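# A structural walkthrough
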Amino acid sequence: MIVEELFESFFLFLLLAAVGDIIVERSGVLNLWIDGFITLIFALCYSATIAYGPVASLALVLVAGALYALLIALFVNLLHSSHVLTGLVTNMVFYGLSVLIGYWGLDLATERGVPRTLSISTLLDWRTVLALSILTVSATWVFLYRTRIGTSVRACGYNPRSADYLGVNVWRTRLLSLVLGYIIIALGGYVYVLFYSKAWTPYIGMGYGFLAMALAISSLWHPLLIALPTVIFSYLLRSLYVYQLEYGISQYILSMIPYLASIIFITAVIASPLGKKLPIPKALGEIYYKEERAA
Amino acid sequence: MALISLVGITKRFGSVVALDNVSLSVESGEILGVLGENGSGKSTLTKIIYGVYVPDSGYIELRTDGLMRRAFFSSPKEALLSGIVMISQRPQLVEELSVLDNIALFLGYSRGRTRKIVESTMSRFNIKLNADALVGSLSYTEKQLVELVKALSFKPRLLILDEATTYLPRDVKARFYEALRTFASIGGSVIFITHKIPEALEVCDRIAVLRRGRLVRIFSRKDVFSIDDLRKAMFEEVSPSVATERVEEARAEGGEVLRAEGLVVLDDYGKRAVSIDELVVERGSVHAVVGVAGNGQKELCEGLSGLKKAVEGRVVLDGEDVTRSRASERASKGLVYIPEDPFRTGVVLDLTIMENIRLFATGRLSSDTVKKVISELRISPPEPRIKSYMLSGGNLQKLSLSRALLLNPKCMIVHNPTRMLDEASSRQVKLLLRDSARKGVGVLLVSEDIDEVIDVADKISVIANGRIVKTLPAMHPRLREEIEEAMSTYA
Amino acid sequence: MPKIAVVRRDLPPTLSAVVRLGVALAGIGIAILSISVILGVDAWTVTERVVGTFLRPDMIRYFIVFLPVGLGLAVAYHARLWNLGAEGQIVMGAVAAAYVALFTPLGEIRVVGPLAALLAASLAGALWALLPGILRAYLNVNEAITTLMMNYVAYSLCNYLVYGPWRGRRVYGYPETDLIPDASKLQWVHGYSFSPWSLVIAIAFVPVIYLFLYKTRIGTALRGYGSSPAAVELSGLSGTRLIILAFFVSGALAGLVGGNEILMYHRKLVPGEKIGAGMGFVSIMVAWLADLNPALMPLSAYYVSALHYLRMVMQMGELTEPVARFFIGLVFMLLLVSIFVSKYKVVIRK
């Protein structure tokens, strides 16, 4: 069944990551550090499940998301750091940390004589996935477009200075977006590890964060538009190994495809008429500094 | 009984002293005018009250629970919490959201509750607006009215207007003044900042005059004083108008240097902002285009200079069709545009004065040339190695104008050149424009200020709703009245 | 509750440099402490070793990578063009150099061979950067994401070649190509793993880039373009051309370094991740540590190279690489804090 094929756990992971990214970037923060986070959360989730079981692991992962968001907020809000530099540096730190955490889990598994692959009995069938997806997407839309806080978030992304003059606390709004977004992304990571890969290898997760960002850009940061590109992408990514087996195309050529496809996708969307009409967070990546020497 | 008191406020930006030990207070139910020319420090003063700047010394006292208490505002939000609202010359709204959403954000209420409040404010102060329109689709005048409704809906104790009405047409100004009087009559206080004496005289109870960061004198309606007293307080001496010099000049020969035909330019929201059948600038003359703010002046400049692509029509520079050329090409061919906003479009703030001049000038650049440019335009402080962001708005505008000296233009487009300048610099710039014209450059002066235009131009066109509605020679009798009448068909 | 306001401040450049220096020293301090704690070695021995790496020429092997790439990236970053693809540009430079050395007759010719390979490498890096550059210049596509993506494409392309059509012998289970001919190799300084020519070229770029950025009109325009593109455009210089130039230059320098890695260090083509080895990303921070100033770049490259070389001291098996990443990342986090301290101050009032 096609529906079964499309709506499975990898798709759910990508969708949650992309939606979380949208929430964060809508507040005007360029979310490059998502890649380090996903790498970290894969390792953390795996090792925590081995050590404490799936329920505790879920709690831990969500807390990690909130803490990560706080760290980022510290740099971006208080220290007025460049978003790009903070992203790079944070990724570096957490890529490294993720391997340490992952190995801890692997060693623990060996120690306890437990298999390295996670055995989770619950399955995510397509109905659950579809329901969760619809829930996530519509909740995000309602949040961004129908609540006061959501409007503040969008205002910060469009024009933080005007938002500030309108009385919106830009710092607090960005912090909120970060926390909310990262809790959702953490949830996505949990789904990936527990229901999709059930295993861990060093640095797994690297690149997925950037892909989630690409998906967000190609939906023009609109929650109602994100589902389609994500479905296509997740299907594409998962089917790649099939092409290798069936047509003998080198796995290395195939691994290029998601990234090339992202670039093409983004370019196509931005250059299209939709790209010109839909208001995007113009202030993305802008370091918001309140006092300015302006007449 | 005083509502707010400023005591000994001093603020410096690097080596520039913007405010020097200024103290004044505002009573409840009073409209206090703060009068000063550009660069006198009046904007800085209000930004300190509004939490945008932090004073280097001095403090603010606010009447809280019947007593005067020290107040420290580190953000506009804090000023708001104390009941202070500011409306400035530039609307501070989020264009992608609706009027209602903007006001709802500001008030912190839900859409439903905000709608009720807005409707009652509009009826009480006699202002009509469509609350569901996207702010981006509104004209400048309408946006300023939105700002007024937004401020009044908040029911503030103190309303600050920072040059908010200076560029509005007469009848809208009147509506603002009426609303202010109603507001004062129910106990609200107003600080009304302007550099135009007639405005201050019309609506203020008292007028505080600032000059070069210092408080010179406070005039009260009850006192007896003349306009010259005010002028003397504002400027140290009154300089003669440039117009008198212009009359004595001989007219330079003509010949077209810039022509626009059938020009249509869209604004950032896709609406037609400019629709001009024909506009010609002649060599050796100053042609002004004046209109109420927001009637297409900015888009006209951008369309002619190349920063925006025209959707229809042609632009011809010295006989060459440049419609398809981008701005940099037009600039290198001799079409120099000096934008009204030096902060982002005119000058690179992060570079030093010398580096900006290096940017403007083609070919070799000697340090003598740099010194000459700085002294000719009297840029202060005259140190080429300081970063441009240390300069005041006026000096930045002058630096931006140095392009005119360095790029050897055939045609110059200047937009609101003297808006941020003090009187002496204003005059200097106007003389510069006349001088360029005398040397054969065709000058297109796009403005929102009738005084600026009448002082400098040979020919004056009025722009309204993006169209040229009237063109008059400078020598025309009843010039000012006819221009004002034509401008009243504004957007 | 005390109120916090963050206010800009202007530190004279000397003081700003001192702050960064302080941070740099603090970074070393942290490295020493953590290594001695983790490895259980006493701090004094560790300090000796650490100071040793700063004084030994071994770290020059990294210096000749970080300095040129950092210089090239500085050109782009001055214009606020976020070229994050140095890693991929290095890899593509390596691929091009390997091609010339292994598969063209030039590979067997002394002097001309390596020169041609390096030229090809620079060109390859420049072209690799040009694609995202063009998308940014003409379609305003966010270059941070596109350059990041191109890194992964470069890794994959290189891996495809190494595992596929260019496969040579197998060493310890890792596939690689054959060794490049002797004529193409850049000879090492006796006892170390770098070539004097590479060092000379790396240093030579410092005055070149400095003069370009600070003394020419185009360089000044690049520096202004990031904050005020309209001001630059109105001065008669085309924004799209400037963007293309910036990407070309930064890509070329990164590609050159990639080619040098092949000719000087690996002497064969290895999988992409090993060629880049994260050095492209580290170079980004080298550029910022020097405040994008070419004159300070040799200092920051020296500092980072020494830190990078410290990995050898750690010797923790599989964990060496991630731990190294972690620590270098932490040091850079300190750097971000120092940037804040030098640019802003916090005003607290009750």
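Every chain's residues receive numbers from 1 upward, in the order its sequence appears when written. Think of it this way: whatever chain is written first is A, whatever ligand is written first is 1, and the rest follow in order. Local features are withheld for residues below a pLDDT of 70 in this predicted model, meaning they are given only at 70 or higher, and side-chain atom pairs are given and counted only at 80 or more; totals for whole chains, interfaces and linings count all residues.

### Examining the overall build of chain A
- Only DSSP runs of H or I with at least four residues qualify as helices, and only runs of E with at least two residues qualify as strands; both kinds are numbered from the N terminus onward. Looking only at helices and strands, one finds 13 helices and 0 strands in chain A.
- The linear arrangement of helices and strands in chain A, starting from the amino end, is α-α-α-α-α-α-α-α-α-α-α-α-α.
- Throughout, the radius of gyration refers to the C-alpha atoms, and the reference size of a globule is 2.2 Å times the residue count to the power 0.38. Expected size for 295 residues packed as a compact globule is a radius of gyration near 19 Å; at 19 Å, chain A falls within 12% of this value.
- In terms of overall dimensions, chain A has a C-alpha envelope of 70 × 40 × 35 Å along the principal axes.
- Note on burial: count the other C-beta atoms lying within 10 Å of the residue's C-beta; 20 or more is buried, 12 or fewer is exposed, in between is partly exposed, and C-beta positions come from the backbone. Put simply, chain A has 295 residues, and 54% of those count as buried.
- Any pair of residues counts as being in contact when their C-beta atoms, constructed from backbone geometry, are within 7 Å of one another. Across chain A, contacts joining residues at least 24 apart in sequence account for 83% of those joining residues at least 6 apart.

### A word on the nonpolar core
- Each nonpolar core reported here comprises buried Ala, Val, Leu, Ile, Met, Phe, Trp, Tyr and Cys residues connected via C-beta atoms within 7 Å. Counting residues in each nonpolar core, the largest one holds 373 residues, and the members touching the most others are Leu445 of chain B together with Val95, Ala97 and Ala246 of chain C.
- With 17 residues, the single largest contributor to this core is helix H9 (residues 170-197) of chain A.
- Apart from the residues lying within four places of it in its own chain, the contact partners of Ala97 of chain C are Ala117, Leu118, Ala120, Ala121, Gly258, Gly259, Ile262 and Leu263 of chain C.

### A short note on the interface of chain C and chain A
- Of the residues lining the interface, 41 residues belong to chain C; the matching set on chain A comes to 37 residues.
- Its residues assigned to classes, the side of chain C that touches chain A comprises 32 nonpolar, 7 polar and 2 charged. Gly is put with the polar residues, along with every residue not named as nonpolar or charged; the nonpolar set is Ala, Val, Leu, Ile, Met, Phe, Trp, Tyr, Cys and Pro, and the charged set is Asp, Glu, Lys and Arg.

### Observations regarding the domain arrangement of chain B
All names here are of chain B.
- For each domain, the first and last residues come from an automatic or database assignment. The domain boundaries assigned to chain B delineate domain 1 (2-234) and domain 2 (242-334 + 409-487).
- Placing the centre of domain 1 and that of domain 2 at their C-alpha centroids yields a distance of 32 Å.
- Each partner contributes residues to the interface: domain 1 has 10 residues there, and domain 2 has 11 residues.
- Considering only residue class, the side of domain 1 that touches domain 2 consists of 3 nonpolar, 6 polar and 1 charged.

### Things to note about the packing of helix H4 (residues 54-78) of chain A against H9 of chain A
Residue and element names in this part refer to chain A.
- All axes here are fitted lines through C-alpha atoms, helices being fitted over the stretch that makes contact, and every angle between N-to-C directions spans 0 to 180 degrees. The contact between H4 and H9 brings their axes to 8 Å, and the two run at 145 degrees. By crossing handedness, the relation of H4 to H9 is classed as right-handed.
- Here the contact of H4 with H9 is built from residues that sort into 22 nonpolar, 3 polar and 1 charged. By the definition used in this description, the sense in which the near helix is turned from the far one sets the handedness, with an anticlockwise turn below a right angle giving left-handed and a clockwise turn giving right-handed.

### Digging into the environment of Thr216 of chain C
Residues and elements named next belong to chain C.
- Secondary-structure assignment places Thr216 in the loop between helix H7 (196-215) and helix H8 (217-225).
- The exposed category is assigned to Thr216, around which 12 C-beta atoms lie within 10 Å.
- For Thr216 and Val206, which are 10 residues apart along the polypeptide, the C-alpha to C-alpha distance reads 15 Å.

### Let's talk about the sheet that holds strand S13 (residues 286-290) of chain B
All names here are of chain B.
- Reading across the sheet, the 6 strands line up as S16-S17-S18-S13-S19-S20 and stay open at both edges, with mixed pairing between neighbours. Two strands close off the open sheet at either side, each with one partner strand: strand S16 (335-338) and strand S20 (467-473). Direction aside, neighbouring strands of the sheet carry axes that sit 20 degrees apart on average.
- When DSSP finds two or more bridges between two strands, those strands count as paired. Relative to strand S18 (residues 442-447), S13 runs parallel, the two being bridged by 5 bridges. In the strand pairing of S18, Val290 is matched with Ser447.
- Helix H10 (residues 297-305) rests against S13, S16, strand S17 (411-415), S18 and strand S19 (459-464) of the sheet, and its axis sits at about 155 degrees to S17.
- Lying over the sheet, helix H16 (residues 423-438) contacts S13, S17 and S18, oriented at roughly 150 degrees with respect to S18.

### Overview of the packing of helix H13 (residues 353-360) of chain B against H8 of chain C
- The geometry of H13 of chain B relative to H8 of chain C is characterised by a closest axis approach of 9 Å and an angle of 115 degrees between their N-to-C directions. The handedness of the crossing between H13 of chain B and H8 of chain C is left-handed. Contacts from Glu355, Arg358 and Leu359 of chain B of H13 of chain B reach H8 of chain C at Arg217, Thr220, Ala221 and Gly224 of chain C.
- For the contact of H13 of chain B with H8 of chain C, the class distribution of residues is 2 nonpolar, 2 polar and 3 charged.

### Re the interface of chain B and chain A
- Contact residues are listed per partner, giving 24 residues for chain B and 20 residues for chain A.
- Those elements that provide at least two residues to the side of chain B that touches chain A are helix H2 (76-81) and helix H3 (99-107) of chain B.
- The element best represented in the side of chain B that touches chain A is H3 of chain B, accounting for 5 residues.

### Topic: the environment of Ala301 of chain C
Residues and elements named next belong to chain C.
- Examined against the element boundaries, Ala301 turns out to sit in helix H13 (residues 297-309).
- Since 32 C-beta atoms lie within 10 Å of it, Ala301 is described here as buried.
- For the pair Ala301 and Pro68, spaced 233 residues apart in sequence, the C-alpha separation works out to 9.2 Å.
- Setting aside chain neighbours within four positions, we find Ala301 in contact with Phe63, Phe66, Leu67, Gly70 and Val286.

### Quick word on the environment of Tyr53 of chain B
All names here are of chain B.
- Considering the arrangement of structural elements, one finds Tyr53 in the loop between helix H1 (42-49) and strand S4 (57-64).
- We classify Tyr53 as buried; it has 26 C-beta atoms within 10 Å.
- Here the alpha-carbon distance between Tyr53 and Ser74, two residues 21 residues apart in the chain, equals 7.5 Å.

### Some thoughts on the confidence of the model for chain B
All names here are of chain B.
- The predictor's confidence in any single residue is recorded as pLDDT, a number from 0 to 100. Per-chain confidence: chain B averages 88 in pLDDT, with 96% of residues scoring 70 or above.
- Mean pLDDT values for the elements of chain B range from 52 in helix H9 (residues 242-248) up to 95 in S17.
- Interface confidence for the predicted complex, given as ipTM, is 0.87, next to a pTM of 0.88.

### Some words on the sheet that holds strand S7 (residues 158-162) of chain B
All names here are of chain B.
- Strands sit in the order S6-S7-S8-S3-S9-S10 across an open sheet of 6 strands; the sheet is mixed. Pairing within the sheet leaves two strands with one partner each, and these edge strands are strand S6 (84-88) and strand S10 (214-220). Averaged over all pairs of adjacent strands, the angle between strand axes in this sheet comes to 20 degrees, irrespective of strand direction.
- Alignment of S6 against S7, held across 5 bridges, turns out to be parallel. Bridge pairing links Ile87 to Leu161 in S7.
- This element, helix H6 (residues 170-185), spans strand S3 (31-35), S7 and strand S8 (189-194) of the sheet and lies at about 145 degrees to S8.

### Observations regarding helix H10 (residues 239-266) of chain C
Residues and elements named next belong to chain C.
- Any helix carries an expected span of 1.5 Å times its number of residues minus one. Here H10 contains 28 residues, and its C-alpha end-to-end distance of 39 Å stays within 8% of the 40 Å for a straight helix at 1.5 Å per residue.
- By definition, a residue's bend is the angle between the axes fitted to the seven residues ending there and the seven starting there. At Asn260, H10 shows its maximal kink, close to 25 degrees.
- Among the 28 residues in H10, 23 count as buried, and that is most of the element.
- At the C-terminal side of H10, Arg267 shows a positive phi close to 60 degrees.

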